Amino acid sequence: MTRDQIIENLEGIFAPVVTPFNRRGDVDEGFFRENLSRNAGSGLAGVLVSGSSGEAPYLTERERLRLVEIARQVVKPPEILLVGTGLEGTQATLRLSREAVARGADALLVLTPNYYKPRMDAGALVAHYRAVAAGLARPVLVYSIPQFTGLSVDPTTLGKLSRLPNVVGLKESSGKLDYVRDVLRKVRPGFRVLVGSAAILYDALRAGAVGGVLSQADFVPALCVGLYEAFLYRRAREARALQQRLFPLAEKVSAPYGVAGIKAALDLSGYHGGVPRLPLLPISAQARKQIAAALREAREGLDL
């Protein structure tokens, strides 16, 4: 796809795919491929490789790039292959991003640098994203997830970032609807805002977001896609009903248990989740029962 086609297709529901590991703790390429293949043609707009749900901080650069190679074999246009390439340093981020593009990434999701967070003001962030985006032939999205980074970017700063050449969108994962609305008022027209919280998806779409990158799309893609399509075709009652089903999966799976809970939900849904990589720990048997109950409740009466 051309750059313009990629930007045009940066809307809808994206699955931030997990990284399965084998008993030795190595990446299980076969299970990773199977998960991707099962969701191919499900209505997803694309996938995110090496995001938070994919345990990106615990992957080596070589592992990240190998996952891109595998995903590119499965994810076919117009589905988008979005790849997380944000590192702390600007040059390191640019190098990894170029390698990801060489292996087939359509667009790059670049996490806000955060180790020196008191110094990550508007000037530093603008300089970072300008340098990264200018050095790439593929579009760049800003990744804001303050609950992990400890860095909450001022909406005015995001407005400035939205006007940088080749910075085309934002994945905003705070889960705070008022913040998302404020951001949407500040960014330039046409800037693609995707939310990372299923709990606010419907209201964020109504406010002007163009889609979501949702961990729930890993294990109930039809529910997530159904909500988006109901919104798109103005079936408000259906969209609200699906949002009510989706909300408990955010509250009872991803919010309390994180990656380990998401992987357990995958296992319970016939995918390959497995255990997270240390220092993350698997969930308890009791937590697994609670997740199973939440999945049954969300699917009740639906053909999922």
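Refer to the structure above for everything that follows.
Residues numbered from 1 in each chain as written. Predicted model: local features only at pLDDT ≥ 70, side-chain atom pairs only at ≥ 80, totals over all residues. Heavy atoms only, no water.

1. What to know about the overall build of the protein
Rule in force here: Working definition: helices are DSSP H or I runs of at least four residues, strands are E runs of at least two. Numbering for both runs from the N terminus. We compute the radius of gyration over the C-alpha atoms and compare it with the globule rule, which gives 2.2 Å times the number of residues raised to the power 0.38. Accessibility here uses a 1.4 Å probe with only protein chains present; expressed as a share of the type maximum, an area under 20% marks a residue as buried, one over 50% as exposed, and anything in between as partly exposed. Should any heavy atoms of two residues lie within 4.5 Å, those residues are counted as being in contact. Where accessible areas are quoted, they stem from the Shrake-Rupley method and a 1.4 Å probe; at the residue level, only the protein chains shown are allowed to cover.
A count of helical and extended segments in the protein gives twelve helices and eight strands. Taking 2.2 N^0.38 as the reference for a compact globule, 304 residues should give roughly 19 Å; the C-alpha atoms of the protein span a radius of gyration of 18 Å, in line with that estimate. Within the protein, the fraction of its 304 residues that count as buried is 55%. Sequence-distant contacts in the protein: of pairs separated by 6 or more residues, those separated by 24 or more amount to 71%. Summed over all atoms, the accessible surface of the protein reaches about 13300 Å², with 51% contributed by carbon and sulfur.

2. A short note on the sheet that holds strand β4 (residues 107-111)
Using the following cut-off: Only when DSSP finds a minimum of two bridges between them are two strands counted as paired. Axes here refer to lines fitted to C-alpha atoms; in helices the fit is confined to the stretch in contact. Angles between the N-to-C directions go from 0 to 180 degrees.
What the eight strands build is a closed barrel, ordered β1-β2-β3-β4-β5-β6-β7-β8; its pairing is parallel. Direction aside, neighbouring strands of the sheet carry axes that sit 25 degrees apart on average. As defined by bridge partners, strand β1 (residues 12-16) adjoins strand β2 (residues 46-49) across three bridges and the pair is classed as parallel. Note on β2: the bridge partner recorded for Phe14 is Gly46. Taken strand by strand, helix α5 (residues 122-134) contacts β4, β5 (140-144) and β6 (167-172), and its axis lies near 145 degrees from that of β5.

3. Quick word on the pattern of salt bridges
The test is simple: Within this document, salt bridges are pairs made up of a side-chain nitrogen of Lys or Arg and a carboxyl oxygen of Asp or Glu, the two lying within 4 Å of each other.
Counting across every chain of the model gives 18 salt bridges. Taking the shortest distance from any N to any O, the salt bridge between Arg103 and Glu99 comes out at 2.6 Å.

4. Regarding the environment of Ala255
Among the structural elements, Ala255 can be located in helix α11 (residues 236-268). Sequence separation between Ala255 and Ser197 is 58 residues; the distance between their C-alpha atoms is 9.6 Å.

5. Structural notes on the packing of aromatic side chains
Rule in force here: Here is the rule: rings of Phe, Tyr and Trp (six-membered ring for Trp) pair when centre to centre is within 6.5 Å. Planes less than 30 degrees apart are stacked, more than 60 are edge-to-face, and the remainder are tilted. Placement of a positive charge over a ring is assigned whenever Lys NZ or Arg CZ falls within 6 Å of the ring centre and within 35 degrees of the normal to the ring plane.
Evaluated as defined, the whole model comprises two aromatic pairs. Judged by centre distance (4.9 Å) and plane angle (90 degrees), the rings of Tyr115 and Tyr116 are edge-to-face. In this structure, Tyr115 and Tyr116 share a single accessibility class: exposed. Ring centres of Tyr202 and Phe231 lie 6.3 Å apart, and the angle between their planes is 80 degrees; this geometry places the pair in the edge-to-face category. One end of the pair, Tyr202, is in helix α9 (residues 201-207); the other, Phe231, is in helix α10 (residues 221-232), with 29 residues separating them in the sequence. According to the relative accessible area criterion, Phe231 is partly exposed, its value standing at 25%. One residue, Arg38, lies across the ring of Tyr271, its end atom 4.0 Å from the ring centre.

6. Things to note about empty space enclosed by the protein
Filter applied, for reference: Points on a 1 Å grid, built from protein atoms alone, make a cavity when a 1.4 Å probe fits but cannot get out and make a pocket when they are open with protein on both sides within 12 Å along at least 5 of 7 lines; residues with an atom within 4 Å of a point are the lining residues. Grid points are joined across faces, edges and corners, and a volume is the space filled by probe spheres set on the points. We call Asp, Glu, Lys and Arg charged. Ala, Val, Leu, Ile, Met, Phe, Trp, Tyr, Cys and Pro are nonpolar, and the rest, Gly among them, are polar.
The full count for this structure, using the stated rule, is two cavities of 30 Å³ or more. Lining the largest cavity, in full, are Val17, Val18, Asn35, Asn39, Asp218, Leu266 and Tyr271. Taken together, the residues that form the lining of the largest cavity break down as four nonpolar, two polar and one charged. Within the residue set of the lining of the second largest cavity, elements represented by two or more residues are α2 (29-39) and β2. In the lining of the second largest cavity, the residues fall into six nonpolar, two polar and one charged.

7. Some details on the pairing of β1
Burial analysis of β1 places five of its five residues in the buried class, which makes it a mostly covered element. Taken together, the three bridges between β1 and strand β8 (residues 211-213) define a ladder with parallel strand orientation. Of the residues in β8, the one forming a bridge with Phe14 is Val213.

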